[in-house]
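The primary structure of each chain is shown beneath.
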Amino acid sequence: MSSLSRELVFLILQFLEEEKFKESVHRLEKESGFFFNMKYFEEKVQAGEWDEVEKYLAGFTKVDDNRYSMKIFFEIRKQKYLEALDRQDKAKAVEILVSDLKVFSTFNEELFKEITQLLTLNNFRENEQLSKYGDTKTARSIMLVELKKLIEANPLFRDKLAFPTLKSSRLRTLINQSLNWQHQLCKNPRPNPDIKTLFTDHTCTPPNGPLAPTPVSLPVAAVAKPAAYTSLGAHSPFPPTAATANAGALAGWMANAASSSVQAAVVTASSIPVQQNQVSVLKRPRTPPSVPVMVDYQNPDHEQLMKRLRPAISVEEVTYPTSRPQAWSLDDLPRTVALTMHQGSMVISMDFHPSHHTLLLVGSANGEITLWELGMRERLVSKPFKIWEMSKCSVQFQALMVNDTPISVSRVAWSPDGNFVGVAFSKHLIQLYAYPGSNDLIQRLEIDAHVGGVNDLAFAHPTKQLCVVTCGDDKLIKVWDSMTGQKLFNFEGHDAPVYSICPHHKENIQFIFSTAVDGKIKAWLYDNMGSRVDYDAPGHWCTTMLYSADGSRLFSCGTSKDGESFLVEWNESEGAIKRTYMGFRKKSAGVVSFDTTQNHFLAAGEDSQIKFWDMDNINLLTVTDAEGGLSSLPRVRFNKEGNLLAVTTADNGFKILANAVGLRSLRAVETSAFDPLRMPIVSATIKASGSSAVGNVGPVNCKVERSSPVRPSPTLNGVDPLGRSVEKPRVLDDATDKTKPWQLAEIVDHGQCRVVTLPDSTASSSKVVRLLYTNSGVGILALGSNGVQKLWKWPRNEQNPSGKATANVVPQIWQPNSGLLMTNDVTGVNLEEAVPCIALSKNDSYVMSATGGKVSLFNMMTFKVMTTFMSPPPASTFLAFHPQDNNIIAIGMEDSTIHIYNVRVDEVKSKLKGHQKRITGLAFSTSLNILVSSGADAHLCVWSIDTWEKRKSVAIQIPAGKAPTSDTRVQFHSDQIRMLVVHETQLAIYDASKMERIRQWIPQDVLPAPISYAAYSCNSQSVYATFCDGNVGVFDADSLRLRCRIASSVYLPQAILKGFVIRCIPCKFIEPVVAF
C-alpha cells in the first residue's frame, strides 16, 4: 500500500473515532495493521475477553513470527488457563491446554509438562513458582505490564504504537479544500455555492450570463458535522504523539506481499495547488509502463489544471522538500585511469577487500581467481580452477566433468571481515578460502551447492556464526555454515533460476532479497516460512539489488530481454519504486552491472562507458570512457572508501579508476615507508584523569567483534625462529625492506600526539583500575578501585559527526536522570587485595563487574543492578560473556576454577578445573567453538563450548631464569584462530586450533622492562603493549616486530611511572587509552 493510502487509513481512523464508530475503528486498526491501539488492548485484557484479545493481535502478528510474539501469545494463553483452574473449571482448562498451549510444547517440552501437571493440584498455587499468584484482577495487571514491554520490544510493532499528530477533523478539512478547488474550476462559479453531494465533482449551475470566476473559501462546516462533535484530544486511544519512523522496512514489503498490483493514491501530488515556483517540485517523470509498482500521478488534465490553479489560495499543512546543499564535487568520483592490468581471461567478477582498499579479488571466465595488490601492480595469488575432492561431488557434476565441461567463475566475494574468500562457479560448486593476511589463499571448504550454475554468492551473519548464501539455476537459495559446510536453510519458491541475492539486516531482522530471471523479487527470513515478498522487478528479467554503504537505501539495476535497462531506488517501507534514474541507451546486448559508493553515488557500465548518478537526482551526472578499451557492458566495483573503481576491459583485463585520494593511496603502497607521524596507530592518545598514583593496575580484555574490518597485515621477518607454520612474507614488505633500511619510530614528545583528558566532576573519584571502550566505539567505561564504574560518551556534533571516540573532542561523563552510579558490592572486601574484573556485552546493553565481592550485572541505560551472584569466597578474578548468549557467563575464580553461570536461571551449569592458580584471562573463539583460559600458573587450557570438557592444556614457555609467577592474559585475533598470549616475560602468538606457538617477542633493547599488559588493535593489525617503566610499544601483529615506541614522557608526569592499562577502540581507527 502506498504511503498516501496508508495516511488515508489514519484519516479514516480519526474520523471514525470522532464519530464514535467504536467497533469500526478497532476493526480497521486490525485489518489495516497500521496502528495497534494499546488502550483498547489493555481494556480487553483487563476484561478477560481473550478471544477478542487474540483476534486483535492476529491483525499484527502471529504466534511463530518471532520470539516476542511467541511470548506474548504464551502469556495470554497461560493466564487464560490459570483463570480456568482458579474457577475449578477443569474441563475448560483441559480444552485450553490442548487447543491453545499445546503449540508451545515443540519449543519447550519441559515447560508444557509442568503446566500440564497443574491439573493434578487442587490449587495451582501449591506450585512454588505460582505461590505468589493473587486474585485474577491483580494477575491480569501484572501480565499487562509484561505484555506491554514485549509489544514495545517486538520489531513488528515498532512503527505501529503511535498515532500520527493530526489536527481535528483533518479528513473534513481536506474534503472542504477539495470542494474549494472544484469550485474554482467551475466555468461559472457562484459566490455562495450549494454543495449537495460528495459523490460527484461539484459544478455550479450556469447563470444567465458568464461571470468572472470569483475565488471562494468554503468553511470547514460546509461538510455538515454533528453538533456533538468532540475534539480528537479527548479520545485517549489516539494520543497526539508524533508518528515514529518505520524501522521495520522489510515489514512494509511484507504487508504488501499479498499482491503486486498497484494501489493508486487517493490524494495525488498533482492535484494540490501551489505557488508557481513550486510547481516544478511536484512534476514527476512519467514512469515506463513496464514498471508495475510505480504510481504515475499525472493525468491528461494535469497541465490544464496547473494553469488554472490560483496562487492566492494557501494549502494548510503542506510542505515541500528543499534541495540538499551540494557538499560534493565531480572530483570525488574516481574517473582518472590509474592502472591498466591484464588478467588473461575475461573478467567476470571483482571485489575489493573490505579494509585493505588496494587489494582486489578477480574471478575469470576460465575459472581462475586472482588476488591483486594494486599499489604494487602484482598478482599476489593465482588459483586456477581445480576440484579439490571429486569423490565428494554429486553424480551429475562428475558426469559433467567427464565431458570436460568448461567452468567459469560467476562470483567472487570477501567476507565482511576480510578473512575469507567465497567463489561461485558456473557449474554446481562453491569454494571457500581462508585469507591469513599473506600472499596465499588456504583451502577451507568445497561444496556441491546447486544443480546447474551457481549464479551468486554472499556472506551473511544470520546468527553469530558467519554463513555463506548462494543461489542457482535450480531455483533455490541456500545458506551454509562457513565453518562446517553444513546446509542451514533451503529456500524454495522461485519459478525460474535465481539470478542474484542480497543479504541484509534492519536492526535485529536478518533477511535475504533474491531476484530470478523471470523478474520476480522475493524476500526471505531465516526460517522455513517461505517468501515474505513477491514483486516484479523493472524489466522482468535479470536484476541485481544493492544497499548503500550505510544500509539505509536500496537500489536495483536490471535489464529486460529486449535490452532496456532500469536503475531504480526502492521505498522499502512500501515495496514501491521511489525513483527511476535516466541515462541508459534504448537497447543493451546484455545485463548492465552497477555499484554504489559513499552513500551518495551510483555507477553502471553500459555502451563501453561508465555512467555516474547522484543518488538524489534521477538525471545522469557524468560519463567516462576511461580512455577507451572498455568492454561493451563493463563490470564495475568500488572499493569501500569509494576512491577506487575497478572496470573491465575488452582485452580480458581491467582498469582502476581513481580520484585524488585513491591515487595517493596507490602511491603510498608503492613507495610505503614507516612514518610515525602518519601512522593511525599512534595518531592520538587519550588521557584518563584520576588519582596521581596507581599500583598494580591490571588489564582489560579487548573484545574484537567477529565482523570488525580487518586489513591484511604485512608479515615481516619474525623475532622468534619458531615461525615454521607462519605464512610467507608479503611481497609488499619485502619491497619496503629492500628499498629502505628498517628504522624504529620513536615518539618522545607530547607534540607528536593529541591528548584529551576525560572530565570527572563526580565526588567518587578513585584510582582507575580497568578500562573498556564500548563495542559501538562511542564511549569509555572505567572501573575504579572503589568499585564504582563511570561512563564517558562522545557527543555527536559538527566537530564529531559520527559520535565515535576521538581525541579531537572531549567526551562527557554520562549518568541517567536518576543519578545512579554503577557500584559494586564491596562489603567486607579488602580493596587493596581485591582483583577487579569487568566485561561488557556485545550489544553494550549490560556490564558485569566485581571488585572482590559479588558479581554485579548492571543495565547500561539505567545503571540499575539487574542481579548479583557468586558471593565470595572464592572471589571472581576474570569475567567474559558467552559470544552467542549474554545469559551465559564464564567466571574465572581465585581458587583456579572457572564457573559457567546462567544468569537467567541463576545457576552454575559447569565448573571447570584445570589450573593450579587463580584465573587471569578468558577468551572465546566462535570459529573454533572453544574457550581458552589462562592462569597465574602460566598455563593455557582449552575447553569445548558445547560440552565444557577440557581439550588441551599447555604451559607457556618462560625464558630461562624467569619465574612463572605473574598473570597471563589471552585475546583472540579477529580471525578467531590466532591468539595473543601476554606474560610479563613475553608476547606470543599461538595458533589456537593446534595450540602451537608461532611467534614470540621477549623484552629487550629499547623496551627491556617487564610487560604490564598488551592487546590487539581493533582491526588486529597491531599489538599495543605497555611496560612497567611507562613505555608503550606498537608491534606488527603478524610478526611481533617492534614498529614504534611511545615514551612515558609523552603522557605522564615524571613522578608517575607505575602500572598501565590500554584498551583499543573497536572501530576503524586506533587510539590507545592510558590509565594511571
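The shown structure was predicted, so the numbers you read here are calculated from the model rather than taken from an experiment. Each residue is numbered by its place in its chain's sequence as written, counting from 1. Restriction of local features to residues with pLDDT of at least 70 applies here, the model being predicted, together with a cutoff of 80 or more for giving and counting side-chain atom pairs; totals for whole chains, interfaces and linings are based on all residues. Heavy atoms from the whole structure form the basis of all side-chain values; hydrogens and water molecules are not counted.

Trainee: What's the story with the overall build of the protein chain in this structure? I'm lost.
Mentor: Looking only at helices and strands, the protein chain features 15 helices and 57 strands. We call a residue buried when its accessible area falls under 20% of the maximum for its residue type, exposed when it is over 50%, and partly exposed in between, using a 1.4 Å probe and counting protein chains only. The buried share among the 1076 residues of the protein chain stands at 55%. Contact definition: two residues touch when any of their heavy atoms are within 4.5 Å. Across the protein chain, contacts joining residues at least 24 apart in sequence account for 56% of those joining residues at least 6 apart. For every accessible area listed, the method is Shrake-Rupley and the probe measures 1.4 Å; residues are considered covered only by the protein chains on display. Counting every atom, the protein chain has about 46300 Å² of accessible surface; 51% of that belongs to carbon and sulfur. Helix and strand definitions follow DSSP, with helices as H or I runs of at least four residues and strands as E runs of at least two, each counted in order from the N terminus.

Trainee: How should the side chain of Asp-614 be read in this particular structure?
Mentor: You can see Asp-614 is positioned in strand β24 (residues 609-614). Here Asp-614 falls in the buried class, since its relative accessible area comes to 10%.

Trainee: Got a minute to help me understand a negative patch on the surface in this structure?
Mentor: Residues Glu-832, Glu-833, Glu-894 and Asp-895 make up a contiguous surface patch of negative charge. By the element assignment, Glu-832 lies in the loop between β36 (822-823) and β37 (836-840). Patches draw on residues past 30% relative accessible area with no salt bridge. Two like charges within 9 Å are joined, as are two nonpolar side chains (Val, Leu, Ile, Met, Phe, Trp, Tyr) within 5 Å. By definition, a salt bridge exists where a carboxyl oxygen of Asp or Glu is found within 4 Å of a side-chain nitrogen of Lys or Arg. Neither His nor the chain ends is counted toward charge; the positive residues are Lys and Arg and the negative residues Asp and Glu. One atom stands in for each charge, and that atom is NZ of Lys, CZ of Arg, CG of Asp or CD of Glu.

Trainee: How do you make sense of the sheet that holds strand β11 (residues 467-472) when you look at a structure like this?
Mentor: Hydrogen bonds between backbone atoms are what pair the strands of a sheet, whose relative direction is either parallel or antiparallel. With respect to topology, 4 strands assemble into an open sheet ordered β10-β11-β12-β13, the strand pairing being antiparallel. The open sheet terminates on both sides in strands that have one partner only, identified here as β10 (454-460) and β13 (487-491). The sheet shows a mean angle of 20° between the axes of neighbouring strands, direction not considered. One bridge is not enough; two strands pair if DSSP finds at least two bridges between them. Sheet analysis places β11 next to strand β12 (residues 477-481), joined by 5 bridges and oriented antiparallel. By the bridge assignment for β12, Cys-471 is matched with Ile-477. Note on geometry: axes are lines fitted to C-alpha atoms, helical ones only across the stretch in contact, with angles between N-to-C directions running from 0 to 180 degrees.

Trainee: Whenever I open this one, the packing of helix α3 (residues 38-47) against helix α4 (residues 50-58) confuses me. Can you help?
Mentor: Helix-helix packing: each pair is described by the crossing angle between the helix axes and the interaxial distance. Two numbers describe how α3 lies on α4: the axes approach to 8 Å, and their chain directions differ by 150°. Here α3 is positioned roughly antiparallel relative to α4, judged by the angle of their axes. Note that α3 runs across α4; the crossing there is left-handed. Contacts from Tyr-40, Phe-41, Lys-44 and Val-45 in α3 reach Trp-50, Glu-52, Val-53, Tyr-56 and Leu-57 in α4. Considering only residue class, the contact of α3 with α4 consists of 7 nonpolar, no polar and 2 charged. Any angle between 65 and 115 degrees counts as roughly perpendicular, while under 35 counts as roughly parallel, over 145 as roughly antiparallel, and the rest as oblique. The handedness criterion is simple: a crossing whose near helix is rotated anticlockwise from the far helix by less than a right angle is left-handed, and one whose near helix is rotated clockwise is right-handed. Only Asp, Glu, Lys and Arg are considered charged in this grouping, and only Ala, Val, Leu, Ile, Met, Phe, Trp, Tyr, Cys and Pro are considered nonpolar; every other residue, Gly among them, is considered polar.

Trainee: What is the right way to look at the pattern of salt bridges in this model?
Mentor: A side chain with one charge can pair with a side chain of the opposite charge if their charged atoms come near. Within this structure, the stated rule accounts for 34 salt bridges. Among the salt bridges present, the one from Lys-392 reaches Glu-389, with a minimum N-O distance of 3.6 Å. One salt bridge connects Arg-553 with Glu-569, and the closest N-O pair in it is separated by 2.9 Å. Taken together, the positions of Arg-553 in the loop between β18 (542-547) and β19 (554-559) and Glu-569 in strand β20 (residues 565-571) put the pair 16 residues apart, joining distant regions of the chain. Taking the relative accessible area as the measure of exposure, Arg-553 reaches 16% and is therefore buried.

Trainee: Looking at this structure, how should I read the pairing of strand β56 (residues 1042-1046)?
Mentor: If a strand is regular, its side chains alternate between the two faces of the sheet. Among the 5 residues in β56, 5 count as buried, and that is most of the element. Bridge count for strand β30 (residues 745-747) against β56 is 3 bridges, and the pairing is parallel. From the neighbouring strand, Ala-745 faces β56, where its bridge partner is Cys-1044. Alignment of strand β55 (residues 1032-1036) against β56, held across 4 bridges, turns out to be antiparallel. Across the sheet, the residue bridging to Phe-1035 is Leu-1042, located in β56. Counted between consecutive antiparallel strands, the loop separating β55 from β56 contains 5 residues, among which Leu-1040 sits at a positive phi close to 60°.

Trainee: Looking at this structure, I do not really get the nonpolar core. What am I missing?
Mentor: In globular proteins that are soluble, nonpolar side chains generally tend to be buried together. The term nonpolar core refers to a set of buried residues drawn from Ala, Val, Leu, Ile, Met, Phe, Trp, Tyr and Cys, joined through side-chain atoms within 4.5 Å. In this structure, Phe-36, Phe-41, Leu-57, Tyr-81 and Leu-101 are the most contacted members of the largest nonpolar core, which totals 41 residues. Put simply, the parts of the chain that give this core at least two residues each are α3, α4, α5 (67-86), α6 (90-101), α7 (109-117) and α8 (136-153). With 10 residues, the single largest contributor to this core is α5. Leave out the neighbours within four places in its chain, and Phe-41 touches Phe-36, Val-53, Leu-57, Ile-76, Leu-144, Leu-147 and Ile-151. Among the nonpolar cores identified, the runner-up in size contains 22 residues, and Leu-361, Phe-397, Phe-425 and Leu-441 belong to it.

Trainee: When you look at the side chain of Thr-648 in this model, what are you seeing that I'm missing?
Mentor: Relative to the elements of secondary structure, Thr-648 occurs in strand β27 (residues 644-648). The class for Thr-648 is buried, based on a relative accessible area of 3%. Any N or O atom pair separated by 3.5 Å or less is treated as a polar contact, with the protein-specific requirement of one donor-capable and one acceptor-capable atom, and with residues adjacent in sequence counted only for side-chain atom pairs. A distance of 3.1 Å separates polar atoms of two side chains, one belonging to Thr-648 and the other to Ser-631. A distance of 2.9 Å separates a polar atom in the side chain of Thr-648 from the backbone nitrogen of Arg-635. Setting aside anything within four residues of it in sequence, one finds Thr-648 in contact with Val-347, Met-350, Leu-630, Ser-631, Pro-634, Arg-635, Gly-653 and Phe-654.

Trainee: What should I look at first to understand α8 in this one?
Mentor: Structurally, the α-helix is built with 3.6 residues per turn, so residues lying three or four positions apart point the same way. To estimate the expected span of a helix, count its residues, drop one, and scale the result by 1.5 Å. For α8, with 18 residues, the first-to-last C-alpha span of 26 Å sits near the 26 Å given by 1.5 Å per residue. Buried residues of α8: Ala-139, Arg-140, Met-143, Leu-144, Leu-147, Leu-150 and Ile-151, and no others. Buried residues of α8, seen end-on, are gathered within an arc of 140° and therefore sit on one face of the element. Residues of α8 that are exposed and angled more than 90 degrees away from the buried face: Ile-142 and Lys-149. Elements that come into contact with the buried residues of α8 comprise α3, α4 and α5. By definition, the arc is the one covered by directions from the helix axis to the C-beta atoms.

Trainee: What should I look at first to understand the packing of aromatic side chains in this one?
Mentor: Each aromatic ring pair is summarised here by two numbers: the centre-to-centre distance and the angle between the ring planes. Centre distance within 6.5 Å is the pairing criterion for rings of Phe, Tyr and Trp, where only the six-membered ring of Trp is used; planes under 30 degrees apart are then read as stacked, over 60 as edge-to-face, and the remainder as tilted. Using the criterion set out here, one finds 27 aromatic pairs in the structure. Their ring planes at 80° and their centres at 4.9 Å tell us that Phe-124 and Tyr-133 sit as a pair that is edge-to-face. On the accessibility criterion, Phe-124 (2% relative accessible area) is buried. Note on Tyr-133: relative accessible area 12%, which makes it buried. With 5.2 Å between their ring centres and 80° between their planes, Trp-388 and Tyr-433 make a pair best called edge-to-face. Residue Trp-388 is located in the loop between β5 (378-383) and α13 (395-402), and its partner Tyr-433 is located in strand β8 (residues 429-434); the two are separated by 45 residues in the primary sequence. A connected cluster of aromatic rings, assembled from ring pairs, spans Phe-36, Tyr-40, Phe-41, Tyr-56, Phe-60 and Phe-157.

Trainee: Would you mind showing me how to read the sheet that holds strand β17 (residues 533-536) here?
Mentor: Spatial ordering of the open sheet is given by β14-β15-β16-β17, a layout of 4 strands whose pairing is antiparallel. In the strand order of this sheet, the two ends are held by β14 (498-506) and β17, each with one partner. For this sheet, the mean angle separating the axes of adjacent strands, direction not counted, is 20°. Relative to β17, strand β16 (residues 520-525) is paired through 4 bridges, and the arrangement is antiparallel. Looking at the pairing, Lys-522 lines up with Asp-534 of β17.

Trainee: When you look at the environment of Ser-608 in this model, what are you seeing that I'm missing?
Mentor: Examined against the element boundaries, Ser-608 turns out to sit in the loop between β23 (601-606) and β24. What makes Ser-608 partly exposed here is its relative accessible area of 29%. Residues Ser-608 and Asp-625 lie 17 residues apart in sequence; the distance between their C-alpha atoms is 6.5 Å. Within the local environment of Ser-608, its side chain forms a polar contact with the backbone oxygen of Leu-630, the two atoms lying 3.5 Å apart.

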